[in-house]
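# Structure assessment
One-letter residues, chain by chain:
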Amino acid sequence: MLERHCILVGMPGVGKTTIGRRLANRLGTDFVDLDAVIETEIGCPIRTYFEHQGEAAFRDIEARLLERALAAEPPCVLSTGGGAVLRAGNRQAMHQLGTVMYLRSSPEHLARRLRNDTKRPLLQVDDPLKKLKELYAERDPLYREAAHYVVETQRGSVATVVGHIAMQLDLMGA
Ligand code: S3P
């Protein structure tokens with residue numbers, strides 16, 4: 001049983017959803033994917049919403065639904081979109097109300113994982129690696145600020161990373 005929400009943050013494509021689902025299964029808790037909650041609320045894919053309403057409108061909805069997810073009981077595993085840390089209020093709320101795990105990986109590794117991606121609006125550009133490097137430079141400090149713990153994901157399998165997080169939660173009494 002979790003004492004607080006376990007919140008996964010990190011760059012697009014790092015595996016927050018896959019790892020989050022497996023972690024919740026292992027802990028016997030619910031799993032909530034904030035991007036899926038947002039898509040249910042807006043009634044269309046995030047990419048379509050970005051194209052029509054713009055990023056700022058998306059960030060407003062993301063902040064509102066994050067707040068709602070953090071207020072919900074019982075504690076669950078919550079995976080967030082890669083940009084959820086951009087607003088200071090989101091970072092503070094996640095840090096205060098949950099145990100935040102930063103799943104870290106290099107831009108090069110992410111670019112390989114995302115080479116066929118068509119869903120992520122920010123990566124539909126000529127040079128996705130360049131974009132990932134820019135996003136990483138901007139966001140790595142923000143993920144670290146929000147997080148209680150940094151998990152290196154690059155070398156381990158999903159099972160290894162899940163085991164590592166579960167052990168860390170146990171050590172933290174979270
Ligand atoms: C975003 C990442 C996406 C999604 C939206 C914006 C970002 O989530 O929330 O497209 O700003 O990095 P993933 O991290 O699951 O790709």
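Right, let's get into the pairing of strand β1 (residues 5-9). Within β1, five of the five residues are buried, leaving the element largely enclosed by the surrounding structure. By the alternation rule, side chains of β1 split into H5, I7 and V9 and C6 and L8, which are all buried. Looking at chain direction, β1 and strand β4 (residues 98-104) are connected through five bridges and run parallel. Residue pairing for β4: H5 is matched across the bridge by G98. The pairing of β1 with strand β3 (residues 77-79) spans three bridges and is parallel. Residue pairing across strands places L8 opposite S79, the latter belonging to β3.

Strand order in the open sheet made by the five strands is β2-β3-β1-β4-β5, with parallel pairing throughout. Each edge of the sheet is formed by a strand with only one pairing partner; in this case those strands are β2 (31-33) and β5 (149-152). In this sheet, neighbouring strand axes are inclined to one another by 25 degrees on average, regardless of whether the strands run parallel or antiparallel. Note that β4 and β5 share four bridges and pair parallel. From the neighbouring strand, R104 faces β5, where its bridge partner is E152. Across the sheet, helix α1 (residues 16-27) touches β1, β2, β3 and β4, and the angle it forms with β3 is around 175 degrees. On top of the sheet, helix α8 (residues 158-172) reaches β1, β4 and β5; it is set at about 150 degrees to β4, its chief contact.

Time to look at the site of the ligand. Contacts to the ligand come from 13 residues, most closely from D35, R59, G82, R120 and R139. With respect to the ligand, the side chain of K16 contributes an N or O atom lying 2.8 Å from an oxygen atom. If the ligand stood free it would expose 380 Å²; the protein chains cover 92% of that surface. Judged by the proximity of its atoms to the pocket grid, the ligand belongs to the largest pocket.

The rules behind these values
Residues numbered from 1 in each chain as written. Predicted model: local features only at pLDDT ≥ 70, side-chain atom pairs only at ≥ 80, totals over all residues. Heavy atoms only, no water. Buried < 20%, exposed > 50% of the residue type's maximum accessible area, 1.4 Å probe, protein only. Helix = DSSP H or I, 4+ residues; strand = E, 2+ residues; numbered from the N terminus. Pairing = 2+ DSSP bridges. Axes fitted to C-alpha atoms, helices over the stretch in contact; angles between N-to-C directions. Contact = heavy atoms within 4.5 Å. Near = heavy atom within 4 Å. Polar contact = N/O pair within 3.5 Å; in protein donor to acceptor, adjacent residues only side chain to side chain. Areas by Shrake-Rupley, 256 points an atom, 1.4 Å probe, with all protein chains shown as cover. 1 Å grid on protein atoms, 1.4 Å probe; cavity = no way out; pocket = protein on both sides within 12 Å on 5 of 7 lines; lining within 4 Å. Sits in = over half its atoms within 2 Å of the grid points.

Everything listed here is a matter of coordinates, which is why it stays silent on function.
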